[in-house]
Amino acid sequence: MVYAFNGVNDRAPLWGHLRRIAGTIVGPWAIAGDFNCVLAAHERIGGNVPHSEMEPFRDCVADCGVLDIAATGALYTWNNKQQPEERIYRRLDRVLINKDWCDHLKDLYAHFLPEGLYDHTPCIVSSNKQVQGKKCFKYFNMWGGSKEFIPIVRNTWQSRVDGTPMFKLVKKLKLLKPALKQLNREKFSDIEQAADIKQKQIEELQEQLGKDPSDMQKRALESEANARNHRNKVFSIEDTAGRVCDTPDQIQAAFLDYYEGLLGTSQTISKVHKRIIEQGPVCSSDDCVSLMRPVSGKEIRDALFSIPDIKSPGPDGYTSKFFKDAWGEVGGEVIGAVQDFFTQKRLLTQINATTLTLIPKCERPQNVTQFRPIAYYNVVYKIISKLLCNRLAVVLPNIVDQNQGAFIQNRSIQENILICQDLIRLYERPNASPRCLFKIDLQKAYDTVE
């Protein structure tokens, strides 16, 4: 436990003492308490913290090889309890852990409670067992360079599968996965072993470099990478109703409920009257013919080959590189599946599936709304989306009003920022008439579907 002095010079012996302890520690190690100093400028509101005050603390943290434990609750752990206009908040209390702690005690996290009548927030270190999901299949682009790759795909593609074109494609892709995994074990296991050996050699070299006190930048980067990996875990979160969820099942349910809510409700919504639509810009007859023409195999192939090879795969694990490598074998099935969607207007659940990766919008997210979702779609879904976008891109400039600044080619939403700045600048004129500007925080229209 640590309780640091208020003065910068008075804290210097503490930093030296922690360095000496770090040099003798073997195994997991944690330092907790009131350090009476922040690590970064954003860890305070109000008041001023000079760089010279933070730098000794930063150097000590880097020298000791420790990082912040994953935490929930209050971000600022101390305030001076003054009136609002004089209130100062700072993050003075924290729990620091070393790499061995991250490796062996992954399920422990710190929760900072409200301060109540005190000026510091209480901290509780708890355990929350994380559920490890099943390892999913992922296509590696190097497999396509093997001479056994095409025969394996051809053998699977010759299997008899009954059903719609879309079902046949999905089923054959599923049947192919065990054969590709076997190919990886037989032909590419040496690569994985060599990679493991090289990784160990890199770690040994990094450990040797870490013993050099002059190598501060390298250790700082390594510590930040470890901290980022540890902070990515969600131990506690508030759902949309403000209830705290702190078990894996509750956390999962909170995120699912939130994103399912964005997909709309089952309530009946009145349709927009056709006469109202016709009062605005509408597609011409030529535009309608262009939008409704049958999708050709060339369009589908061009859409596929426009997807970069390194794009992350969707839930089925296949990248666009697989379909490019095996186009001679699978191309007909892909074309048939995509054309089946446009004629039958149905999309199988296996294709209409999305993997969401949640990126925190702030340093310590408290609510399910404080994450930015990154969606990963299956390749067939991407092809269909590209075909729709390519056709809409031709007609949208003719029907979308000129004051719409985004989503149209050769238009930029940043132009709206410049317009807003010009409007505000005119507010300062002495003879300006009474006026006001509203900044309205509206949920994005395209975030929900009703």
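Our structure's up above, just so we're on the same page.
Residues numbered from 1 in each chain as written. Predicted model: local features only at pLDDT ≥ 70, side-chain atom pairs only at ≥ 80, totals over all residues. Heavy atoms only, no water.

J.: Would you take a moment to explain the sheet that holds strand 7 (residues 89-90) for this structure?
T.: Each strand in a sheet pairs with its neighbour through backbone hydrogen bonds, running either in the same direction (parallel) or in the opposite one (antiparallel). Sheet architecture is open: three strands sit in the order 3-7-6, paired in antiparallel fashion. In this open sheet, the two strands that pair with only one neighbour each are strand 3 (44-45) and strand 6 (78-79). Examined bridge by bridge, strand 3 and strand 7 share two bridges and lie antiparallel to one another. Directly across from arginine 44, in strand 7, lies its bridge partner arginine 90. (Pairing = 2+ DSSP bridges. Helix = DSSP H or I, 4+ residues; strand = E, 2+ residues; numbered from the N terminus.)

J.: What is the right way to read the side chain of asparagine 98 from this model?
T.: Within the secondary structure layout, asparagine 98 lies in strand 8 (residues 93-98). Residue asparagine 98 is classed as buried on the basis of its relative accessible area of 8%. Contacts of asparagine 98, omitting those with residues within four sequence positions, involve Ile25, Gly27, Pro28, Trp29, Gly65 and Val66. (Buried < 20%, exposed > 50% of the residue type's maximum accessible area, 1.4 Å probe, protein only. Contact = heavy atoms within 4.5 Å.)

J.: Help me understand the side chain of asparagine 378 in this model?
T.: With respect to the helices and strands, the residue asparagine 378 is situated in the loop between strand 14 (371-377) and helix 14 (379-399). A distance of 3.4 Å separates a polar side-chain atom of asparagine 378 from the backbone oxygen of isoleucine 351. Among all residues touching asparagine 378, those that are not within four sequence positions of it are Gly314, Pro315, Asp316, Gln350, Ile351 and Ala353. (Polar contact = N/O pair within 3.5 Å; in protein donor to acceptor, adjacent residues only side chain to side chain.)

J.: Explanation requested: the sheet that holds strand 9 (residues 108-112) in the structure shown.
T.: Strand order across the open sheet formed by three strands is 5-9-10, with mixed pairing between neighbours. The two strands at the open ends of the sheet, each matched to only one other strand, are strand 5 (71-73) and strand 10 (123-127). Going across the sheet, the axis of each strand differs from the next one's by a mean of 30°, ignoring polarity. Where strand 9 lies against strand 10, five bridges are found, and the strand directions are antiparallel. Of the residues in strand 10, the one forming a bridge with phenylalanine 112 is cysteine 123. (Axes fitted to C-alpha atoms, helices over the stretch in contact; angles between N-to-C directions.)

J.: Explanation requested: the pattern of salt bridges in the structure shown.
T.: Two side chains of opposite charge can pair, provided their charged atoms sit close to one another. Inspection of every chain in the model, using the stated rule, returns 18 salt bridges. Close ionic contact of glutamate 329 with arginine 154 constitutes a salt bridge, the shortest N to O distance being 3.1 Å. Taken together, the residues span a long stretch of sequence, with glutamate 329 in helix 13 (residues 327-344) and arginine 154 in helix 4 (residues 149-157) at a distance of 175 residues. Look at glutamate 329 and you get partly exposed, because its relative accessible area is 23%. In this structure arginine 154 comes out as partly exposed when scored by relative accessible area, which is 35%. As a salt-bridge pair, arginine 425 and aspartate 422 come within 3.8 Å of each other at their nearest N and O atoms. With arginine 425 and aspartate 422 both in helix 15 (residues 414-426) and three residues apart, this pair spans about one turn of that helix. On the basis of relative accessibility, which here comes to 40%, the residue aspartate 422 falls in the partly exposed class. By sharing partners, the salt bridges in this structure join Glu43, Asp68, Arg91 and Arg94 into a single network. (Salt bridge = Lys/Arg side-chain N within 4 Å of Asp/Glu carboxyl O.)

J.: I keep staring at the packing of aromatic side chains and nothing clicks. Help me out?
T.: Considering all chains together, one arrives at 18 aromatic pairs under this definition. Relative to tryptophan 143, the ring of phenylalanine 140 has its centre 5.4 Å away and its plane inclined at 70°; by these criteria the two rings are edge-to-face. Residue tryptophan 143 is classed as buried on the basis of its relative accessible area, which comes to 2%. By the ring-pair criterion, three or more aromatic residues cluster together here, those being Phe137, Tyr139, Phe140, Trp143, Phe149, Tyr318, Phe322 and Phe323. Between the NZ or CZ atom of arginine 301 and the centre of the ring of phenylalanine 305, over which it lies, the distance is 4.1 Å. (Phe/Tyr/Trp six-rings, centres within 6.5 Å; stacked < 30°, edge-to-face > 60°. Lys NZ or Arg CZ within 6 Å of the ring centre and 35° of its normal.)

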